[in-house]
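# Structural overview
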Amino acid sequence: MALSAGSGFLSSLLLLICLSEALLPGVGAQHCVWHGECGQSIKVPEKKYNCRYTGPPVPLEPDGYQLLTELCPGLDYDNRSLCCDAAQLRTLKGSLELPLQFLSRCPACFFNLMTLFCELTCSPRQSLFVNATKFNASNVVEVQYYIGQTFTNAMYNACKDVQAPSSNVPALSLLCGKDAKACNATNWIQYMFSTDNGQTPFPIIPIFSDDPVSGFTPMDNQTFGCTEGLEDGSGPCSCQDCSKACGPKPQPPPLPPPWTILGMDAMVVIMWIAYVAFLLVFAGAVVGVWCYRKRTIMSEYGPILDSNNPLSLNGDDPGQANASCCETLGERFESALRSLFSSWGSFCVRRPLPVILGSLALVAASSAGLVYMRITTDPVELWSAASSQARQEKDYFDSHFGPFFRSTQLIITTTLNDPFMYSPYLGGSDVPFTSVLGKEVLHQVLDLQLAIEGLVATYEGEDVTLKDVCLAPLAPYNNNCTILSVLNYFQNSHAMLDHEIGDGFWVYADFHSHFLYCVSAPASLNDTTMLHDPCLGTFGGPVFPWLALGGYDETNYNNATALVITFPLNNYLNDSVREGKALAWEKEFIGFMKNFSNPNLTVAFSAERSVEDEINRESDSDISTIVISYAIMFLYISLALGHIQSFRRILVDSKISLGIAGILIVLTSVSSSLGIFSYAGVPLTLIVIEVIPFLVLAVGVDNIFIIVQTYQRDERMPQEELHQQIGRILGDIAPSLFLSSFSETVAFFLGALSSMPAVRTFSLFAGLAVFIDFLLQISCFVSLLGLDARRQEGNRPDIFCCAKLPATQETRTEGFLFRFFKKAYAPFVLKEWVRPVVVAVFVGMLSFSIATVNKVEIGLDQKLSMPDDSYVLQYFEKLSQFLHTGAPVYFVVEDGLNYSSPDGQNAVCGGVGCNNDSLVQQVYSASLISNYTTIAYTPSSWLDDYFDWVKPQSTCCRYYNSSGEFCNASVVNPSCVSCRPLTPSGKQRPEGEDFMHFLPMFLSDNPNAKCGKGGHAAYATAVDLYPNNTGVGATYFMTYHTILKESADYIDALRMARVLAGNISQAMGHRVFAYSVFYVFYEQYLTIAHDTALNLGVSLAAIFVVTAVLLGFELWSALLVCVTIAMILVNMFGVMWLWGISLNAVSLVNLVMSVGISVEFCSHIVRAFSVSVKKNRVERAQEALAHMGSSVFSGITLTKFGGILILALSKSQIFQVFYFRMYLAIVLLGAAHGLVFLPVLLSYVGPSVNRAKVFAANQRFSGTERERLLNY
């Protein structure tokens, strides 16, 4: 009975097991669900379904052994009994070609991925986790794949950081069907198993679980993390491809806190304290001296710290003047100059014809050099010295890789306000689209783009089209132009833009879905929607969304509010013909765009030539403004030189002809300077042409007024002839003219030591022009003055000098301005109570300016260089408003690195086995803190892509077995064999001869559906190969800067890129430099503060030395001149801060010029003070101000004031800011310091009178009429 019961239980159990095997196939013995390939797939016609097969695993055919070892080495054991055959392995390899190329950079990632597919396709345990759910005859048309969630997550974590070096995007962006940020462990696998990806012939439905489901045990094979090495010896993934291998994310250093005191700007606080302290000390000193004078009952006012009163010329005992050695030496030097210039002046008046003709001959000979004149408008030549680091690096880059391409760009917005919502057919959140991405707008933009492509220009009678000048990276295989535009996602075709898949009721896929896919995977050969349209541009390369769209937030490109279309044109080195064609096409483009009109589109545009064209147009338009400005100054000079004694003598006393002659002398000095340097081959710049006439006119006219007005105020001594009188006058004033002119000349010539071409060129031309002007004034102009004096004495009218008017009684009177300075202004300024106020005000101005010096911005806003009505201004505005990515930056590895050696490779690459501080790795790390480093993306690395391309597992590197020639992956030919064997050594990186053997093939390979790693498009110009491909010379690794809007951004980007390049060079032991197209323009700003201090300091030192010598070795006088000029310069910085004028080459030229003009304002006053023999400093300052102040005021201040005001009417912003504002400040500050502050300063601390000069004057004029005249 018991036996019978037991037998029944066993029978029931056996029946249950049998039923289970029938109903739940996964629970039974391990077997296959398919084997071999059968019918053609409906979804992917070029592929086949797998054949239904539920038997045990089948031994693999021998012709599949190599494929099994290559793809699924984990299944290569025993008799290789599998659930797949060789045909299925070949299909698997074809399906995984692109993932292999992009993910094999990280061995762990690729191993896990291959495990997923190998277990599905071939595993002898297939029935445990694969359930065939649909069949069509003998075809398996749908399966379920049970995958462990732990395995899924581990595979995704190992792959999520892997980069695609050629496109600077995560590899999953190309392999997940969406942006890498939206990709996760499950939707990645779902996408790979979906028929929508164009690779999967039938649906594979993944089911994720770590626990058995419906009797199936999920596949949960061993995985490797990206930080782990594999059993075959492969190392862990690099930091670039595995964030866990990087350690903590780099952190930028904290910004230095602002320098404050009690929460306020430190400089402001310090200068306030210093100013208040000065006022207290100064006020105490003034009050103390006043009390001392009152107590001692002084009969007349004496200045602070006054020395013993000098001897009067009327003194009883002049022999008691005990002059020091320096005073005696100074007097003798003064006497020598007076004697020299007196003799010369007398000669010029006696022999006017030879002097004038000789001057004309020298001027003509010098000016003849203008036929060799060459004006430099090339911005590189203007702003960057040939010896500068940026210029040398640019030349190196151009010579090895070719010059940076010319950019023609449009930024397009729409006036429509019609945003819309896109609802994906396959589900998911609705996606908002902006108006500019509406289909109708895109069609209109495409019409514009195609019209531009069709433009035809003419160059020397030859038609020039876009294809003649554009950048075509795949030429000659693909001659399509590079056009960076979202329309290239649609192959620049209206039909492709309209392409959609639907059934009349629903639209499954259209331009919305294609756009969303392409912006997430721009390097994809086709999208994964039902459209299967390519994303790669017609030129064979990707269009990155950050280059073709603007105004979006983060990576939400569907929110873009602007379209950016860029036409890169080839740039040519030393090829004027092809460059001329590019310029001609750009000119045609600009003309077309100026006439383009569309009510729905707002287009800002620019070409490479636009900035230079607009600057030239600006210069042409400002000619009328400049002419009017100079005409006003010329008219004033001509009228103001004459001293009209009475209305009846107006024709005789006017000096219009002499004024015109003086102006012509100024202009000829400029032309002579230009001519002499043109002989020497020194090119001119627009700054020279615009600024030097202004400078020389200021200096020259001042000298003219001093000469003429001194003559007008002088009385001829008895028995003195005209030539003797003018000679004597010239002997008195020429040393002062020589002092100012020579000190300016030396200062300017020393300014030519500057490394900035604009400053150096200006200084050279200005120094020579000022000195030539001085020579012509003391020769030619003095002769003309003598002729004019004879005309006036002969009672002949000005201009019409052949006529003679009736003789009238001439009464010599003093001019109004001289009387005003002598009787009113000078006494007022030097009043006892006025002088302290003047000192307090000017020291206050100085303190304020010192506090603002470090706040003056550095750089030149490029918008300022454009006219007010320029189309480029709109482009600059849109550029700053919408663009999200800055200029490309290239990290150039100079020639000499051995790329064939492991050490050389590891120092550069970013993949497995590369150094943690390699070039690619350091740039990648910098991109992680882009807000600090300004490096936006991981660099494209030709070396890493070459390693992926040459791997034996890849189908990229093949050659014809018969000829050894390269065989493209798209070629189907049995004679094409893999470049490297599938052996452990073959899987390693190529070294030595192997490296150079296959590299040229890589650089000539065009990307295609079988191989996306071909290097021709991305790297053809990135590697400079030695002749006959014997080695690798210079190479570059490209990335992008973050968006740069202001000058400070560009300067910071240059600085940070150089710091990074320096760190890379140090780590590699080989020079690497960073290069971008704008570096050559902004390098000057890295050192401009130092250059400014050096230039101005050297100029002041030169003025001090020259002034000290020419004043007769009076060091204190020279120091006071330099102090006053330094105050003017510091106050100029205060004005620059107040008026928003930045420090750059243009403003530095103006500052150097202001040194020269300030000398005119100061040196004449100081010299007049030093030669005065009045009793005390106040009287000497009053005499100097009265005699020289009026000439300086009328000669510089009034002359310049009218002309400067006209500059405010200029259309040019650069004229309004850097010329009107700075010139006005120079003249006003110069006049204020020279005519107000300096006399007061001299009255307090001016040098004591030179006793030797007093004694000499006493001896020279004793007993003559001149003695009376000296006691004014």
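Just so it is clear, the structure is predicted and the values come from calculations on it, not from any experiment.

## Details of the state of the cysteines
Any covalent bond linking the sulfur atoms of two cysteines counts as a disulfide. For the structure shown, the criterion picks out 14 disulfides. The partner cysteine of Cys 38 in its disulfide is Cys 51, sulfur to sulfur 1.7 Å. Across the S-S bond linking Cys 38 and Cys 51, the dihedral sits near 125°, which makes this disulfide right-handed. Taken together, the positions of Cys 38 in strand β1 (residues 34-40) and Cys 51 in strand β2 (residues 48-52) put the pair 13 residues apart, joining distant regions of the chain. At a sulfur-sulfur separation of 2.0 Å, the disulfide partner of Cys 470 is Cys 481. On the S-S bond that ties Cys 470 to Cys 481, the torsion sits near -75°, and the link is left-handed. Of the two residues, Cys 470 is situated in the loop between α15 (466-469) and α16 (494-498) and Cys 481 in the loop between α15 and α16; the sequence distance between them amounts to eleven residues. Between Cys 348, a cysteine without a disulfide, and Cys 780, which holds the nearest cysteine sulfur, the sulfur-to-sulfur distance is 8.9 Å. What makes Cys 348 buried here is its relative accessible area of 0%.

## Notes on the nonpolar core
With 352 residues, the main nonpolar core has Leu 116, Trp 188, Leu 410, Phe 891 and Trp 942 as its most contacted residues. Ignoring sequence-local partners within four residues, the contact set of Trp 188 consists of Leu 103, Leu 113, Met 155, Tyr 156, Cys 159, Leu 172, Leu 175, Cys 176 and Cys 183.

## Re the sheet that holds strand β20 (residues 562-569)
Read across the open sheet, the four strands follow the order β19-β20-β12-β21; overall the sheet is antiparallel. Only two strands of the sheet have a single neighbouring strand rather than two, namely β19 (549-550) and β21 (601-606). As judged from the two bridges shared by β19 and β20, these two strands associate in the antiparallel manner. Among the inter-strand pairings, Gly 550 is bridged to a residue of β20, identified as Ala 562. Its contacts with the sheet place helix α14 (residues 439-453) against β12 (406-414), β20 and β21, and it is angled at close to 15° to β20.

## Here's the deal with the sheet that holds strand β25 (residues 1023-1025)
Read across the open sheet, the four strands follow the order β25-β26-β22-β27; overall the sheet is antiparallel. With partners counted over all chains shown, the strands left at the sheet margins are β25 and β27 (1072-1075), one partner each. Each strand axis lies, on average, 20° off the axis of its neighbour in the sheet, ignoring direction. Strand direction decides the pairing type here: β25 and strand β26 (residues 1032-1042), joined by two bridges, are antiparallel. In the sheet register, Leu 1025 faces β26, and the bridge partner there is Val 1032. Helix α13 (residues 389-401) rests against β22 (885-893), β25, β26 and β27 of the sheet, and its axis sits at about 90° to β27.

## Thoughts on the side chain of Ser 359
With respect to the helices and strands, the residue Ser 359 is situated in helix α11 (residues 352-367). Among all residues touching Ser 359, those that are not within four sequence positions of it are Leu 776, Ser 779 and Cys 780.

## Some details on the packing of aromatic side chains
One pass over the structure, following the stated rule, counts 59 aromatic pairs. Considering the side-chain rings of Phe 738 and Phe 742, the 5.3 Å spacing of their centres and the 25° angle between planes classify their relative orientation as stacked. Of this pair, Phe 738 and Phe 742 both sit in helix α25 (residues 722-751), four residues apart, which is roughly one turn of that helix. On the accessibility criterion, Phe 742 (30% relative accessible area) is partly exposed. An aromatic cluster is defined as three or more aromatic residues linked by ring pairs; in this entry it consists of Phe 397, Phe 401, Phe 404, Phe 405, Tyr 890, Tyr 1036 and Tyr 1075. We note Arg 52 situated over the ring of Phe 135; from NZ or CZ to the ring centre the distance is 3.8 Å. One cation-aromatic arrangement involves Arg 835 over Tyr 1244; the distance from NZ or CZ to the ring centre is 4.4 Å.

## Considering helix α33 (residues 942-950)
Every α-helical turn comprises 3.6 residues, leaving residues that sit three or four positions apart pointing alike. The buried count for α33 comes to nine of nine residues, which makes it a mostly enclosed element. Of the residues making up α33, those classed as buried are Trp 942, Leu 943, Asp 944, Asp 945, Tyr 946, Phe 947, Asp 948, Trp 949 and Val 950.

## Focus: the pattern of salt bridges
Throughout the structure, instances matching the rule amount to 20 salt bridges. Here Glu 462 makes a salt bridge to Lys 581, at a shortest N to O gap of 3.2 Å. Of this pair, Glu 462 sits in strand β16 (residues 462-465) while Lys 581 sits in helix α19 (residues 576-595), and the two are 119 residues apart along the sequence. Note on Glu 462: relative accessible area 40%, which makes it partly exposed.

## Things to note about the packing of helix α38 (residues 1088-1110) against helix α40 (residues 1145-1171)
Interhelical geometry of α38 versus α40 gives an angle of 15° and a closest axis separation of 11 Å. Between α38 and α40, the interaxial angle falls into the category roughly parallel. Crossing angle aside, the handedness with which α38 passes α40 is right-handed. Between α38 and α40, the contacting residues are Ile 1088, Thr 1092, Asn 1095, Leu 1096, Ser 1099 and Ile 1103 on the first element and Ala 1145, Leu 1148, Leu 1151, Val 1152, Val 1155 and Val 1159 on the second.

## Here's the deal with the environment of Leu 1129
If you trace the backbone, Leu 1129 turns up in helix α39 (residues 1115-1138). Residues Leu 1129 and Ile 1226, 97 residues apart in the sequence, show an inter-C-alpha distance of 8.7 Å. Excluding residues within four positions of it along the chain, Leu 1129 makes contact with Leu 1096, Leu 1100, Leu 1151, Ser 1154 and Val 1155.

## Considerations on the packing of helix α26 (residues 757-793) against α40
Helix packing geometry: the angle between the two helix axes and the distance between the axes. Where α26 meets α40, the closest approach of the two axes is 9 Å, and the angle between their N-to-C directions is 30°. With respect to each other, α26 and α40 are oriented roughly parallel. Both α26 and α40 take part in a crossing whose hand is right-handed. Contacts between α26 and α40 involve Ala 758, Val 759, Phe 762 and Ser 763 from the first element and Ala 1145, Leu 1148, Val 1149, Val 1152 and Met 1153 from the second. Looking at side-chain class alone, the contact of α26 with α40 contains eight nonpolar, one polar and no charged residues.

## Let's talk about the pairing of β20
For β20, a buried count of eight out of eight residues is recorded, marking the element as mostly surrounded by other parts of the structure. Of the two faces of β20, both are covered, the one formed by Ala 562, Val 564, Thr 566 and Pro 568 as well as the one formed by Leu 563, Ile 565, Phe 567 and Leu 569. With seven bridges connecting them, β12 and β20 associate as antiparallel partners. Along β20, the bridge assignment pairs Ile 412 with Leu 563.

## Focus: a nonpolar patch on the surface
Taken together, the side chains of Trp 259, Ile 261, Leu 262, Met 264 and Ile 270 present a nonpolar region at the surface, about 540 Å² in accessible area. As for its placement among the helices and strands, Trp 259 is situated in the loop between β9 (204-208) and β10 (260-261). Under the relative-accessibility criterion, Trp 259 is labelled exposed at 53%.

## Description of the side chain of Thr 413
As for its position among the elements, Thr 413 is in strand β12. Its relative accessible area of 10% is what places Thr 413 among the buried residues. If we ignore the near neighbours within four places in the chain, the residues touching Thr 413 are Val 436, Thr 561, Ala 562, Asn 600, Leu 601, Thr 602 and Phe 882.

What counts and how
- Residues numbered from 1 in each chain as written.
- Predicted model: local features only at pLDDT ≥ 70, side-chain atom pairs only at ≥ 80, totals over all residues.
- Heavy atoms only, no water.
- Disulfide = S-S within 2.5 Å.
- Helix = DSSP H or I, 4+ residues; strand = E, 2+ residues; numbered from the N terminus.
- Buried < 20%, exposed > 50% of the residue type's maximum accessible area, 1.4 Å probe, protein only.
- Core = buried A, V, L, I, M, F, W, Y, C linked by side-chain atoms within 4.5 Å.
- Contact = heavy atoms within 4.5 Å.
- Pairing = 2+ DSSP bridges.
- Axes fitted to C-alpha atoms, helices over the stretch in contact; angles between N-to-C directions.
- Phe/Tyr/Trp six-rings, centres within 6.5 Å; stacked < 30°, edge-to-face > 60°.
- Lys NZ or Arg CZ within 6 Å of the ring centre and 35° of its normal.
- Salt bridge = Lys/Arg side-chain N within 4 Å of Asp/Glu carboxyl O.
- Parallel < 35°, antiparallel > 145°, perpendicular 65-115°, else oblique.
- Left-handed = near helix turned anticlockwise from the far one by under 90°.
- Nonpolar A, V, L, I, M, F, W, Y, C, P; charged D, E, K, R; others polar.
- Patch = residues over 30% accessible without salt bridge, like charges linked within 9 Å, V, L, I, M, F, W, Y side chains within 5 Å.
- Areas by Shrake-Rupley, 256 points an atom, 1.4 Å probe, with all protein chains shown as cover.

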